[in-house]
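Below, each chain spelled out in residue letters.
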There are 2 protein chains.
Amino acid sequence: MFKIRVYVGYKESVLDPQAEVIQGAINRLGHGEVSDVKIGKFFDFKVSATSKEDAIQIAEKISDQLLANVNMESFKVEILEEL
Amino acid sequence: MFKIRVYVGYKESVLDPQAEVIQGAINRLGHGEVSDVKIGKFFDFKVSATSKEDAIQIAEKISDQLLANVNMESFKVEILEEL
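Residues numbered from 1 in each chain as written. Chains lettered and ligands numbered in written order. Predicted model: local features only at pLDDT ≥ 70, side-chain atom pairs only at ≥ 80, totals over all residues. Heavy atoms only, no water.

## Quick look at the pattern of salt bridges
Here is step 1 of the chain: All told, the structure shown has eight salt bridges over all chains when counted by the stated rule.
Here is step 2 of the chain: One salt bridge in this structure joins A:R5 and A:D44, with 2.7 Å as the shortest N-O distance. Of this pair, A:R5 sits in strand β1 (residues 2–10) while A:D44 sits in strand β2 (residues 34–47); the two residues are 39 residues apart in sequence, bridging distant segments of the chain.
Here is step 3 of the chain: Here A:R5 falls in the buried class, since its relative accessible area comes to 13%.
Here is step 4 of the chain: Residue classification places A:D44 among the buried residues on the basis of a relative accessible area of 11%.
Here is step 5 of the chain: A salt bridge links B:E73 to B:K41; its shortest N-O distance comes to 3.7 Å. Residue B:E73 is located in strand β3 (residues 73–82), and its partner B:K41 is located in strand β2 (residues 34–47); the two are separated by 32 residues in the primary sequence. (Salt bridge = Lys/Arg side-chain N within 4 Å of Asp/Glu carboxyl O. Helix = DSSP H or I, 4+ residues; strand = E, 2+ residues; numbered from the N terminus. Buried < 20%, exposed > 50% of the residue type's maximum accessible area, 1.4 Å probe, protein only.)

Here's what the structure looks like:
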């Protein structure tokens, strides 16, 4: 059993108005030292698999089919721990 | 300058229907080996600060005031790299 985290974020070329709004709000709070705000989602889940490789393969398949919109978003799979 | 990542997720006691929907969709895709789906957001940004401690303090203040709804969500600040 593996605990997996998948990060999903917009591709570099995609504009993210929500991130710009948050950037503006942070700066208006008085934090001009903060820049380059980017936003993404993460998905944590457990995968029952016999090897790390199998767990990663399952997570990549799910990410590609369901968690990320691969037209606009990219994803990254990470093993958090082996349970 | 530090590159910071803030993770924001629901507290354990808060129900997350979106996570349940995704869990169901994953299982219907044929992946019964996946369980305990949790969803969160992450915010990446750069902080211009003279020390790690200052950068973390700024990030924690922003998270508390703006990025997380501390009634329902908890957050975790991580330094990704020193630039």
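Structure shown, so let's carry the discussion forward.
## As for the sheet that holds β2(A)
Here is step 1 of the chain: Read from one edge of the open sheet, six strands run β3(A)-β1(A)-β2(A)-β2(B)-β1(B)-β3(B), paired in antiparallel fashion. Taken across any chain shown, the strands that pair with only one partner, and hence form the sheet edges, are β3 (73–82) of chain A together with β3 of chain B. In this sheet, adjacent strand axes meet at a mean angle of 25° when their direction is disregarded.
Here is step 2 of the chain: The strands touched by helix α2 (residues 52–67) of chain A are β1, β2 and β3 of chain A together with β2 of chain B; relative to β3(A), the strand with the most contacts, the crossing angle is about 150°.
Here is step 3 of the chain: Helix α2 (residues 52–67) of chain B contacts β2 of chain A together with β1 (2–10), β2 and β3 of chain B of the sheet and is inclined by roughly 150° relative to β3(B). (Pairing = 2+ DSSP bridges. Axes fitted to C-alpha atoms, helices over the stretch in contact; angles between N-to-C directions. Contact = heavy atoms within 4.5 Å.)

## Comments concerning helix α1 (residues 17–28) of chain A
Here is step 1 of the chain: Compared with an ideal rise of 1.5 Å per residue, which puts twelve residues at 16 Å, α1(A) spans 16 Å between its outermost C-alpha atoms and is within 8% of the ideal.
Here is step 2 of the chain: All of the buried residues in α1(A) are A:A19, A:I22, A:Q23, A:G24, A:A25 and A:I26.
Here is step 3 of the chain: The elements touched by buried residues of α1(A) are β2 of chain A together with β2 and α2 of chain B.
Here is step 4 of the chain: Positive backbone phi, approximately 105°, marks A:G30, located one or two places after α1(A). (Expected span 1.5 Å × (residues − 1).)

## Concerning the packing of α1(A) against α2(B)
Here is step 1 of the chain: Across the interface, α1(A) lies against α2(B) with an axial gap of 11 Å and an inter-helix angle of 115°. As far as their axial angle goes, α2(B) and α1(A) are roughly perpendicular. In this structure, the crossing between α1(A) and α2(B) has a hand that is right-handed. Here A:I22, A:A25 and A:I26 of α1(A) lie close against α2(B), whose contacting residues are B:I62, B:L66 and B:L67.
Here is step 2 of the chain: When grouped by side-chain class, the residues that make up the contact of α1(A) with α2(B) number six nonpolar, no polar and no charged. (Parallel < 35°, antiparallel > 145°, perpendicular 65-115°, else oblique. Left-handed = near helix turned anticlockwise from the far one by under 90°. Nonpolar A, V, L, I, M, F, W, Y, C, P; charged D, E, K, R; others polar.)

## Here's the deal with the pairing of β1(A)
Residue and element names in this part refer to chain A.
Here is step 1 of the chain: Counting buried positions over the nine residues of β1 gives seven, a clear majority of the element.
Here is step 2 of the chain: In this structure, β1 lies alongside β2, joined through eight bridges in antiparallel fashion. Residue pairing across strands places G9 opposite G40, the latter belonging to β2.
Here is step 3 of the chain: Looking at chain direction, β1 and β3 are connected through nine bridges and run antiparallel. Directly across from F2, in β3, lies its bridge partner E82.

## Observations concerning the relation of the copies chain A and chain B
Here is step 1 of the chain: Relative to chain B, chain A is turned by 180° and slid 0.0 Å along the rotation axis, the superposed coordinates differing by an RMSD of 0.0 Å. Accordingly, the operation relating the two chain copies is best matched by a two-fold axis. Closest to the rotation axis within chain A is the C-alpha of A:K41, separated from it by 2.1 Å.
Here is step 2 of the chain: Interface overlap between copies: 100% of the residues of chain A at the interface are likewise at the interface in chain B, consistent with a symmetric, same-surface contact. (Least-squares fit on C-alpha atoms with pLDDT ≥ 70 in both.)

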